[in-house]
Amino acid sequence: METPPPTPDAPDVLANTEIAVRVKDFSLWYGTFQALFAVDFNVKQGIITSLIGPSGCGKSTLLRSINRINDRLGYVRTEGVIEVLGKNVLDSDVALPQLRKQVGMVFQRPNPLPLSIRENILFSYTLHTPDARKRTKAEKDQIVEEALREVLLWDTVKDRLDHSATALSLEQQQKLCIARLLPVKPRVLLMDEPCSALDPEATAAVEELIWQLRGEYTILMVTHNMAQARRASDECAFMLMGKLVEHADTAEMFVTPRHKETADYIEGRYG
Amino acid sequence: MFKATELNLRNEQREKRWRLLFLLMALLLILPVLIILILLVYRGGPVISWSFLFEFPRNGMTEGGIFPALLGTIFLVVVALVFSVPLGVAAAVYLSEYAPDNWLTRTINLAIINLAGVPSIVHALFGVGAFVLFFEFGTSILAASLTLGIMTLPVVIVATRESLQAVPHAFREACWALGATRWQTIRRIVLPNAVSGILTGIILEVSRTAGETAPIMFTGAAFFVPFLPESVYDQTMALSLHLYTISTQVTGVPEDLPFGVALVLIGIVLSMNALSIAFRVYLRNKKKW
């Protein structure tokens, strides 16, 4: 698979050094099991950062801590700070709906809601717009069209917006799952192995889409697939046993890793 | 090559005998159902007529129809559901969607299991103590229906909880990640997809409730009431109790009359079951995953 070329008019996102997500000295326990050990990790705004590491290294846990979707597990305890756009999201005055509006999440297994395509797109919009019911159909139609165009799905599904979203192909479902985040204009997109349930062709298509969203959104992507991290991210962080081992430019990390563990992992000696 | 030895042949023989035995046992299940149905239709069928269904009993319940009992059973079941369904569904939603795993939840679950195991005659005595005497509802439809309602609660809760749990967890997580609250998730995604299972459970429960005798005989159902119930504070007749009465308590009842009453009762139950199956098929075809 080829690296999707950056679009020529894309902003020079790499020059941006603003931090969108700042993880400081963050530790997490599931009951008595410590899953994360004092992680320090900065995600720069507007680029794609991939998070790699062997199974059970804590990369998904870290991702799921940023939008606090792990909260519902009653036995989770955390220490440290996770700042999103400058605000510690672990503070008690953070409203979860607001956090999740700003920080969208894409799951490993495409999980469109058992509603129509249109309803899926409008779902979060309805949740976060106080007078959503009073908005005209034309207004909503435009929201649906914009979101679907942005994920390159409009032409395929425009004639069956009222069909069930769960009848789409996996690739289309995953694109829809990305599209449904966009109407509320999130700033950060968390992606938990977004392509691992897809075949190679669909993977390429979704990767290309993610690459197009770069710049407008800050993307943090967990992946199991090192080739994917290499071809589809600007920066890369390597985690091992709950610790962040190394974080560097993707190109740099894959050519000259600074740590022996990183080198071993990317050369496939474990994981 | 590959010829069966003596041992193989003997094992094969045994295999056949065991298989036959198990098949016979399974077939035996059909027998009581068939016998009951045939007997009821054969002996009760001729009793049933328009006037049997829609007239009052006459002559010390040895003649006439069963209308007040038929109406009373429907009345009792409907009022029982009015109490048990909202309460049971709400409790199940809490247990399935909100409850953390702590001592309170475990206590509630234990209570449900125990409630399901309480014999119906004990429910009846509870009903007398609580609703008839303490709350002073008297022997009335209200007291009897509340007793029935409490008896059906565990089944409503368990059926609802199972239907809620059958909705894939990924849908909930998707909703939460979009910023939906628990309630928004429940209302827009979980309940709409669980409703077919919930309704099926309720309808099946109705059919069981309709046949109960013990919980209503001290709390609100009477052997004979010469008028139709006008409010929930009235006593009423009921099919199950009527069947018991004319079979054992009254002399001079034509032999086939109880079979007619039983046929009506079982007819209500079976048609309820059929309705629930049809409903389930209909809703399942509408499901979107």
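Note on numbering: residues in each chain are counted from 1, in written sequence order. For this description, chains carry letters from A and ligands carry numbers from 1, given in the order in which they are written. Where totals are concerned, whole chains, interfaces and linings use all residues; where local detail is concerned, this predicted model gives features only for residues with pLDDT of at least 70, and gives and counts side-chain atom pairs only at 80 or more. Excluding hydrogens and water, the side-chain values take into account all heavy atoms of the structure.

Draft legend 1. Quick look at the domain arrangement of chain B. Residue and element names in this part refer to chain B. Note that domain bounds follow an automatic or database assignment of domains. Taken as a whole, chain B is organised into domain 1 (11-45) and domain 2 (48-286). Each of domain 1 and domain 2 has a C-alpha centre, and the two are 31 Å apart. Here a residue-residue contact requires only that any non-hydrogen atoms of the pair lie within 4.5 Å. Taken together, the eight residues of domain 1 in the interface contact nine residues of domain 2. In this assembly, domain 1 packs against domain 2 so that about 750 Å² is buried in total across both faces, 68% of it on carbon and sulfur atoms. Here the buried area means the combined drop in accessible surface, using a 1.4 Å probe, for two parts upon being joined, counting both sides. When residues of domain 1 are sorted by the area they lose upon contact with domain 2, Leu 40, Arg 43 and Gly 44 head the list and together hold 68% of the total. What makes a salt bridge here is a side-chain nitrogen of Lys or Arg within 4 Å of a carboxyl oxygen of Asp or Glu, nothing more. At the surface where domain 1 touches domain 2, the tally comes to two salt bridges.

Draft legend 2. Representation of a nonpolar patch on the surface. Residue and element names in this part refer to chain B. On the surface, Leu 20, Leu 23, Leu 24, Leu 27, Leu 29, Ile 30, Leu 34, Ile 38 and Tyr 42 cluster together into a nonpolar patch covering about 960 Å² of accessible area. Looking at the nonpolar patch, the elements that each hand over two or more residues are α1 (6-28) and α2 (30-44). Relative to the helices and strands, Ile 30 resides in helix α2. Patch members must show over 30% relative accessible area and no salt bridge, and they are joined within 9 Å when carrying like charges or within 5 Å when they are nonpolar side chains of Val, Leu, Ile, Met, Phe, Trp or Tyr. We get accessible surface area from the Shrake-Rupley algorithm with a probe of 1.4 Å; when it comes to residues, only the shown protein chains can shield them. Numbering goes from the N terminus for both helices and strands, where a helix is a DSSP run of H or I of at least four residues and a strand is a run of E of at least two.

Draft legend 3. Local environment of the sheet that holds strand β8 (residues 218-222) of chain A. All names here are of chain A. Strand order in the open sheet made by the six strands is β6-β7-β8-β3-β9-β10, with mixed pairing throughout. Edge positions in the sheet fall to β6 (103-106) and β10 (243-249), since each of these pairs with one other strand and no more. Within the sheet, the average angular offset between the axes of one strand and its neighbour, ignoring direction, is 20°. As paired elements, strand β9 (residues 235-240) and β10 share six bridges and run antiparallel to each other. Residue Met 239 lies in a different strand from β10, and its bridge partner there is Leu 244. Inter-axis angles, ranging from 0 to 180 degrees, are taken between N-to-C directions of lines fitted to C-alpha atoms, where helices are fitted over the stretch in contact. In the packing of helix α1 (residues 59-66) onto the sheet, the strands contacted are β3 (48-52), β6, β7 (188-192), β8 and β9, and the crossing angle to β7 comes to about 150°. At least two DSSP bridges between two strands are needed for those strands to be called paired.

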